[in-house]
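Secondary and tertiary structure notes
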Amino acid sequence: MDMRGKVEMQKKKLPIRKLPIKKLPIGVENFEEMRKEDFYYVDKTGLITELLHNWGVVNLFTRPRRFGKSLNMSMLECFFSLDGDKRIFDGLEISEEASLCERYMGKYPVVFISLKGIDALDYETAYQRAVLQINRTANEKYYLLDSEALNEQDKTEYRKLLDDHMPDAVFCNSLSVLSRLLEKHHGTKAILLIDEYDVPLAKAHANGYYGQMVSLIRNFLGEALKTNNSMKFAVLTGCLRISKESVFTGLNNLKVLTIADERFEERFGFTDGEVRGLLDYYGVAEHYDAVKRWYDGYQFGNVKVYCPWDVLNYCDRIRFEPQAQPENYWINTSGNDAVKRFIQSSANAAVKREIERLVAGGVITKEIHQELTYPEIYQSIDNIWSLLFTAGYLTQRGKPQGRRMKLAIPNLEIRDIFVTQIMEYLKENVREDGETLNRFCDALQSGDAGNVERIFTEYLKKTISIRDTAVREDLKESFYHGVLLGILGVKTCWGVSSNREMGEGYADILVEPDTGDMGIIIEVKYAHNGDLDKACKEALKQIAHTGYEDDLEDDGVEHIFKYGIACYKKRCRVSLQKNR
């Protein structure tokens, strides 16, 4: 058969997929853009129905980052706003609620402000960014300057909201003033939408001006929500429920809807049915099991949900790279300080065991406090448990019993974040425990397998072990592989390489001490049934079979030590073969 015929046959084997019409909305948080530009939209308009049937004067939704809070707020703005295009709701769930649409759709002036951009190293810069947010929000209502319903004093107050040098008093009263002017112009009360209300507080705490920012946000929200007679109702979103004593002082009309609440449980995040529908639409349904293992597992109320950010990103990749493996998309959206601080608390033996149980896929029970202040979060390990839950690093299993909840790591993606931080913590410990680990390296170089085994076993007992019956054996081996690489890092003059191609395979670890005449080959095995001796023999057999030492001998290396290291939980066995 000629080349042309072969090409034609290969073409016939390729699956023919009809290209989807809709674009994937990665990073799209504007509802109108989502609908008009024909992005794929997972219908969450049922939130509007549920809110109107059961709304409070002030409604606070707390959800982890990347679960669609901002998009839902944009959706609310489009629905209620007087000047919105209502056709963008055609065919969606809310359009079936004719009486609600008739009564509420397009009937209110809406003030929508996002505080997520108020991030700065000092208070003055943060305040200026907050002022600019008010400037932009007020500028959207510029028609008020031409309003016949407003007198000159009203317009003077409005102009103050356009001034980028407004004093604190004007800033704190800004949403209340804007609501009053909108009601006076339109003859109907305003709806306030405040997205990511707690971001300025988180950034202020991280950068040392928390007290100033708490005072500002407390006064800002108090004026807008507590004494605002021109407000129909308000909706706020955030990651954490900051205690009333800190921010919401005297606000008695606050309805808080957290991830533990059974109301609105399906309105943030993707349900299993929604994920199946998305994967089917893009012709990648065969990846469902991987998507579920990596990105499902969060429990909001009684419903299991996926993280939308991850599902969309992975779906976008596998459309064009079907062999692409799942990866951690969430880790780059935050510093993950909560997990880092948590791992650093593992000097406590009980905490260490609990971390190991979680990483192994287990469940622990803890008392959770969802109402904290940022300074309180890291004051105790009990508060860190609460932060991990509210921020999405841990999720509930079953129903809570009062404040006590059964907690678990939701999926492989979050497990990967824990493992990454554990490995970073181990590397830090290596630097602090240099004397012991130098003795390990000296024993390795001198061929003292007994001391290598003893010191490594002692070190494993002090570390957080990563073991999980649900993962493949090679992934378990990679943990011990990583620990060894961290230990060997104390010898800055040694050449240490990982998975280097040698002979007919890849050596787990190749060490070349600074003497210049020695090579150390290490093969790591996980003894899945606890038989350490058998696993050691398999490791040495693999070294011999693949001829790892041939490359070293060709380079004139005279002394070659071949170590088989077998590990099981916190035990290890070390065997040595020498080639002189």
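Quantities reported herein were computed from a predicted structural model and do not represent experimental measurements.

In this model, the chain carries a mean pLDDT of 88, and residues with pLDDT of at least 70 account for 91%. Per-element averaging of pLDDT across the chain places helix α1 (residues 3–13) at the bottom with 45 and strand β3 (residues 190–195) at the top with 98. Across residues 1–16 the pLDDT falls below 50, and counting only partners more than four positions away or on other chains, this stretch makes 2 contacts in the model.

Right, let's get into the pattern of salt bridges. Scanning all chains against the criterion turns up 28 salt bridges. Residues K44 and E274 are paired through a salt bridge, measuring 2.9 Å at the closest nitrogen-oxygen approach. Of this pair, K44 sits in the loop between α2 (31–36) and α3 (46–53) while E274 sits in helix α12 (residues 272–281), and the two are 230 residues apart along the sequence. You can call K44 buried: its relative accessible area is 6%. The salt bridge partner of K491 is D442, with a shortest N-O separation of 3.5 Å. Highlighted residues: K491 in the loop between α22 (473–488) and β13 (495–502) and D442 in helix α20 (residues 434–446), separated in sequence by 49 residues. For D442, a relative accessible area of 39% gives the class partly exposed.

Checked against the element boundaries, E523 lands in strand β15 (residues 518–526). Sequence-distant contacts of E523, defined by excluding residues within four places in its chain, comprise Y506, D508, A539, Q542, I543, Y548, Y563, G564 and I565.

The next thing to look at is the sheet that holds strand β6 (residues 254–257). The strand order β2-β3-β4-β1-β6 describes an open sheet built from 5 strands, whose pairing is parallel. Edge positions in the open sheet fall to β2 (110–114) and β6, since each of these has one partner strand only. Strand-to-strand, the axes of this sheet are offset by a mean angle of 15°, without reference to chain direction. Strand direction decides the pairing type here: β3 and strand β4 (residues 231–238), joined by 5 bridges, are parallel. Looking at β4, one finds that L192 is bridged to A234.

With that settled, the discussion passes to the nonpolar core. Judged by nonpolar contacts, the single largest core of 191 residues is most densely connected at F80, F89, L225 and I522. Looking at this core, the element that brings in the most residues is helix α11 (residues 210–225), giving 9 residues. Leaving out residues up to four positions away in the same chain, L225 has contacts with V58, L192, I194, M231, A234, L236, L251 and N253.

In this model, helix α21 (residues 449–462) (14 residues) spans 20 Å end to end at C-alpha, consistent with the 20 Å of a helix rising 1.5 Å per residue. Along α21, the positions that sit buried rather than exposed are A449, V452, I455, F456, T457, Y459 and L460.

Our next topic: helix α18 (residues 381–390). Counting buried positions along α18 yields 8 of 10 residues, so the element is predominantly enclosed. Of the positions making up α18, those classed as buried are N383, I384, W385, S386, L387, L388, F389 and T390. Following α18 by one or two positions, G392 has its phi on the positive side, about 95°.

The rules behind these values
- Residues numbered from 1 in each chain as written.
- Predicted model: local features only at pLDDT ≥ 70, side-chain atom pairs only at ≥ 80, totals over all residues.
- Heavy atoms only, no water.
- pLDDT = per-residue confidence, 0-100.
- Helix = DSSP H or I, 4+ residues; strand = E, 2+ residues; numbered from the N terminus.
- Contact = heavy atoms within 4.5 Å.
- Salt bridge = Lys/Arg side-chain N within 4 Å of Asp/Glu carboxyl O.
- Buried < 20%, exposed > 50% of the residue type's maximum accessible area, 1.4 Å probe, protein only.
- Pairing = 2+ DSSP bridges.
- Axes fitted to C-alpha atoms, helices over the stretch in contact; angles between N-to-C directions.
- Core = buried A, V, L, I, M, F, W, Y, C linked by side-chain atoms within 4.5 Å.
- Expected span 1.5 Å × (residues − 1).

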